[in-house]
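# Report on the structure
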Amino acid sequence: MDNEAFEIEVRAMRDLETKYPFKVADMLTAVRKYENIEPTALFSLGRRASMVMWRWRIFYLAYHDLGMSLTQVGRLMKRDHSTVLHGLRKYDADADIVELDRIRFLAKLCAKDRQCA
């Protein structure tokens, strides 16, 4: 990505940040729309590594960005709060920061679409 495109993306993100806060539904919509992962797959009991990673990302964003409790995140994802805590401990957010920022950006776009519809 060249510097000019990066600056445009940063400005767009700042605009979205202030005008369109995202919700859990926006995160799930973003994952469904842009990653072709159905929420039912995220809620399933499967342990496929790729699905586990997506669950951990949702855990992280719901807990840290949206301020949900472990119990609330667990109810949302049909998991026990201790499973959420385990996922948060195992998930390396620093190594996955680009993906987290991408999900935040896409969730904010979904929030914008929801508010503008």
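Note: the structure precedes this text.
Everything numeric in this text was worked out from a predicted model, so none of it was measured.

What counts and how
- Residues numbered from 1 in each chain as written.
- Predicted model: local features only at pLDDT ≥ 70, side-chain atom pairs only at ≥ 80, totals over all residues.
- Heavy atoms only, no water.
- Buried < 20%, exposed > 50% of the residue type's maximum accessible area, 1.4 Å probe, protein only.
- Helix = DSSP H or I, 4+ residues; strand = E, 2+ residues; numbered from the N terminus.
- Arc of directions from axis to C-beta.
- Contact = heavy atoms within 4.5 Å.
- Core = buried A, V, L, I, M, F, W, Y, C linked by side-chain atoms within 4.5 Å.
- Phe/Tyr/Trp six-rings, centres within 6.5 Å; stacked < 30°, edge-to-face > 60°.
- Lys NZ or Arg CZ within 6 Å of the ring centre and 35° of its normal.
- Expected span 1.5 Å × (residues − 1).
- Salt bridge = Lys/Arg side-chain N within 4 Å of Asp/Glu carboxyl O.

### Considerations on helix α6 (residues 81-90)
For α6, every residue scored as buried is listed here: V84, G87 and L88. Viewed end-on, α6 has its buried residues packed into an arc of 100 degrees, placing them on one side of the element. Across α6 from its buried face, at more than 90 degrees, point the exposed residues R89 and K90. The inward-facing, buried residues of α6 abut α4 (49-65) and α5 (70-76).

### As for the nonpolar core
Ranked by size, the top nonpolar core spans 30 residues in total, and within it M27, L42, I58, F59, Y60, V73 and M77 carry the most contacts. Contributing elements (two or more residues each) for this core: α2 (24-35), α3 (39-43), α4, α5, α6 and α7 (97-116). The element contributing the most residues to this core is α4, with nine residues. The residues contacting F59, other than those within four sequence positions of it, are V73, M77, R79, T83, V84, G87 and L88.

### Focus: the environment of M27
Here M27 is to be found in helix α2. C-alpha of M27 to C-alpha of R14: the two residues are 13 residues apart in sequence and 18 Å apart in space. Setting aside anything within four residues of it in sequence, one finds M27 in contact with F22, I58, L61, A62, L66 and A107.

### Notes on the packing of aromatic side chains
Applying the stated criterion to the full structure yields one aromatic pair. Directly above the aromatic system of W54 lies the positively charged group of R57, at a separation of 4.5 Å from the ring centroid. It is K78 that lies over the ring of F43; its NZ or CZ is 5.2 Å from the centre.

### A short note on the environment of P39
Inspection of the secondary structure puts P39 in helix α3. Not counting the four nearest positions on each side in its chain, P39 is found in contact with L28 and R32.

### Regarding α2
In this model α2 runs 16 Å from its N-terminal to its C-terminal C-alpha over twelve residues, within 8% of the 16 Å that 1.5 Å per residue would give. Among the residues making up α2, those that are buried are V24, D26, M27, L28, A30 and V31. Immediately downstream of α2, the backbone of N36 shows phi near 55 degrees, a positive value.

### So, the pattern of salt bridges
Where charged atoms from two side chains of opposite charge come close, those side chains can pair. One pass over the full model with this rule turns up six salt bridges. A salt bridge links D96 to R57; the shortest N-O distance between them is 2.6 Å. Of this pair, D96 sits in the loop between α6 and α7 while R57 sits in helix α4, and the two are 39 residues apart along the sequence. With a relative accessible area of 13%, D96 lands in the buried category. Look at R57 and you get buried, because its relative accessible area is 10%. R104 is the salt-bridge partner of D101, the closest N and O atoms lying 2.7 Å from each other. Taken together, the residues span about one helical turn, with D101 and R104 both in helix α7 at a distance of three residues. The exposure class of D101 is partly exposed, given its relative accessible area of 37%. Exposure remark for R104: the relative accessible area of 14% places this residue in the buried category.

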